[in-house]
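A structural walkthrough
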Amino acid sequence: MAPVLSPGASARAIAQAVRGDARYRAEVRQRSLARLAEVAGLEAVCDLFDPVLETGADGVLAGVPMLVKDLSFAVAGRVCANGSDFPAAPSAANAVLLERYLAAGAQVLGRSHSPELGGGSACESRRWDMATRNPYDTDRSSGGSSGGAAVAVATGAVPLAQASDAGGSITIPAALCGLVGLKPTHGLVPLGPERVEGAAGFAAQNALARDIGDAALALAVGAGDPGLAAVPQQIGQQAGLRIGLVTQAVDGGPTDAGMLKRLTPVAERLRALGHRVDPVLLPALPEAVARAERRLRLAALAATVAGMERAAGVAARPQHFEPATWSRLQAGRQVSGVEVLEAREAVLRYRADFEAIFEKVDVLVSPALNAPAPPLHRLSLMRSDAETQPLNRDYTCFTRPWNLTGCPSLCLPLSRDEAGRPEGVLFGAARGGDALLLSLGAELEAAIGWRHDHLTTSFPRRDR
């Protein structure tokens, strides 16, 4: 008799139950697809694969249902237009990370929804006519750009979903949907084969999860380092950490008073666990570096679209993209090679200044966000770039340094607002400190814990 798995079972529990039982693998898949149908009203998935992608391997992800993101993630023979209407060519080969998931035994059911070219902190697209809704408040966004992945995991449809992050795209939806989101050290999980470095060096990828054990397992598979999966069992090995409490974002803008107030109990619990927690001030982000970052992001967008054009043999047209994306693309095409190199130098200098803080602290802790989930359509790329760009600040102001520097960051669901909606707490470490963050996360999970409210809630498809 097949074991009974509770709603929202972990990837580890599923793999243990499925290993060696091909029939149960199929049952797990059907349960996951049925759950996706139950939450279709949240618009988390834009493309289901038929048949699903699997190898039948009995590795550490044996039978685990997963999704991959509709953004710069190659699936051999399938088109990924990055959420746009561009007539993209099918991919020639699987992404390296996809190959690692399949070799570990995962079942990949389809693609999660993402905004066009990952261009915002919400999750809406004209291409799919979708706006991914937050299960904690369906009139608000799930966050972006890995919003579809976050909703699928938060509602128990899958225990893990691949996600990517060039400006908070893992940690923002993790915060808003009550998940564990680790943006790893850049380069730890490969982006290939189509790219070696994404978004001018700002991009990383991994997976969203509901608990630290699954987060560690996903990173172990993605990084090709099995030892990372054992980190959550090593609680207590990182005793007496020097933790810097961050209350001011690097851009110097105001911080929400309520979020700061709700960060205080987390700091107190860290002290009770034996860690030293002291306020720190991060290096301010000069306006010149902010402009350099903007140039790099625009140039990276232009380079991505240029690659799509070469592969398809088709020139990009305004009708292929939403208005904000098209204006960014036009601006990116005007950035010169000299400007790219000068901008890269400015960012690298800032990275050195930022990383110097880890001579004094081991970990930084801050709010993950500066505002609750945005109302639907507030950050739509159908609006002008000039209109939406400033509005994204509340969602990226604390995540931003981790992409600029390539250092790892970890969002944990340790805080909720007055309405009971998750808002997350963000931890960060020096490059290579991924295991340190997972270990601290495991300690906090054991000491505080968190709940998931929507593992059985139905969200029927809405009439348009």
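Quick caveat: nothing in here was measured; it's all calculated off a predicted structure. (Residues numbered from 1 in each chain as written. Predicted model: local features only at pLDDT ≥ 70, side-chain atom pairs only at ≥ 80, totals over all residues. Heavy atoms only, no water.)

**Describing the pairing of strand 15 (residues 425-429)**
Every regular strand shows the same layout, with side chains that alternate between the two sheet faces. Burial analysis of strand 15 places 5 of its 5 residues in the buried class, the great majority of the element. Both faces of strand 15 are covered, namely the face carrying V425, F427 and A429 and the face carrying L426 and G428. Bridge analysis of strand 14 (residues 409-412) against strand 15 gives 4 bridges, and the strand direction is antiparallel. When the bridges of strand 15 are listed, C411 appears paired with L426. (Buried < 20%, exposed > 50% of the residue type's maximum accessible area, 1.4 Å probe, protein only. Helix = DSSP H or I, 4+ residues; strand = E, 2+ residues; numbered from the N terminus. Pairing = 2+ DSSP bridges.)

**Focus: the nonpolar core**
Within the largest apolar cluster, 66 residues are counted, with the highest numbers of intra-cluster contacts made by L61, L98, L412 and F427. Among the elements that line this core, the one with the most residues is helix 6 (residues 212-223), at 9 residues. Once you skip the residues sitting within four places of it in the chain, L412 turns out to touch L179, V180, I212, G424, V425, F427, G441, L444 and W450. By size, the runner-up hydrophobic cluster in this structure holds 65 residues, among which are V39, L109, C177 and A368. (Core = buried A, V, L, I, M, F, W, Y, C linked by side-chain atoms within 4.5 Å. Contact = heavy atoms within 4.5 Å.)

**Things to note about the side chain of S112**
Mapped onto the secondary structure, S112 falls in strand 3 (residues 107-112). Among all residues touching S112, those that are not within four sequence positions of it are A44, V45, C46, L67, V68, K69, D70, G148 and A149.

**Brief notes about the environment of D211**
In this structure, D211 sits in the loop between strand 10 (204-209) and helix 6. Given a relative accessible area of 17%, D211 falls into the buried group. As for D211 and L444, which are separated by 233 residues in sequence, their C-alpha atoms are 11 Å apart. Beyond its immediate stretch of four places on either side in the chain, D211 contacts S10, R12, V180, E445 and W450. At 2.7 Å, the side chain of D211 forms a polar contact with the backbone nitrogen of D214. (Polar contact = N/O pair within 3.5 Å; in protein donor to acceptor, adjacent residues only side chain to side chain.)

**Observations concerning empty space enclosed by the protein**
Taken as a whole, this structure holds 5 cavities of 30 Å³ or more when the rule is applied. Estimates place the volume of the largest cavity at around 70 Å³. For the lining of the largest cavity, the elements supplying multiple residues, two or more each, are strand 13 (363-367), helix 13 (400-405) and strand 15. Its residues assigned to classes, the lining of the largest cavity comprises 12 nonpolar, 2 polar and no charged. Here the second largest cavity is characterised by a volume of approximately 50 Å³. Together, M259, R262, L263, P367, A368, L369, S415, E423, G424 and V425 line the second largest cavity. It is helix 7 (residues 257-272) that contributes the most residues to the lining of the second largest cavity, 3 residues altogether. In terms of residue class, the lining of the second largest cavity is built from 6 nonpolar, 2 polar and 2 charged. (1 Å grid on protein atoms, 1.4 Å probe; cavity = no way out; pocket = protein on both sides within 12 Å on 5 of 7 lines; lining within 4 Å. Points joined across faces, edges and corners; volume = space filled by probe spheres on them. Nonpolar A, V, L, I, M, F, W, Y, C, P; charged D, E, K, R; others polar.)

**Focus: helix 4 (residues 147-154)**
With 8 of 8 residues buried, helix 4 is to be regarded as a mostly interior element. Buried within helix 4 are the following residues: G147, G148, A149, A150, V151, A152, V153 and A154. Just downstream of helix 4, G156 is the residue with a positive phi angle, here 80°.

**Some words on the packing of aromatic side chains**
Each aromatic ring pair is specified by the distance between its two centres and by the angle formed by the two planes. On inspection of all chains with the given rule, the structure shows 6 aromatic pairs. An angle of 40° between the planes, with centres 6.2 Å apart, marks the rings of Y350 and F354 as tilted. Of this pair, Y350 and F354 both sit in helix 10 (residues 337-355), separated by 4 residues, roughly a single helical turn. Grouping residues by exposure puts Y350 and F354 together as buried. A centroid spacing of 6.3 Å and a plane angle of 70° characterise the contact between F354 and F358, whose relative ring orientation is edge-to-face. On the accessibility criterion, F358 (12% relative accessible area) is buried. (Phe/Tyr/Trp six-rings, centres within 6.5 Å; stacked < 30°, edge-to-face > 60°.)

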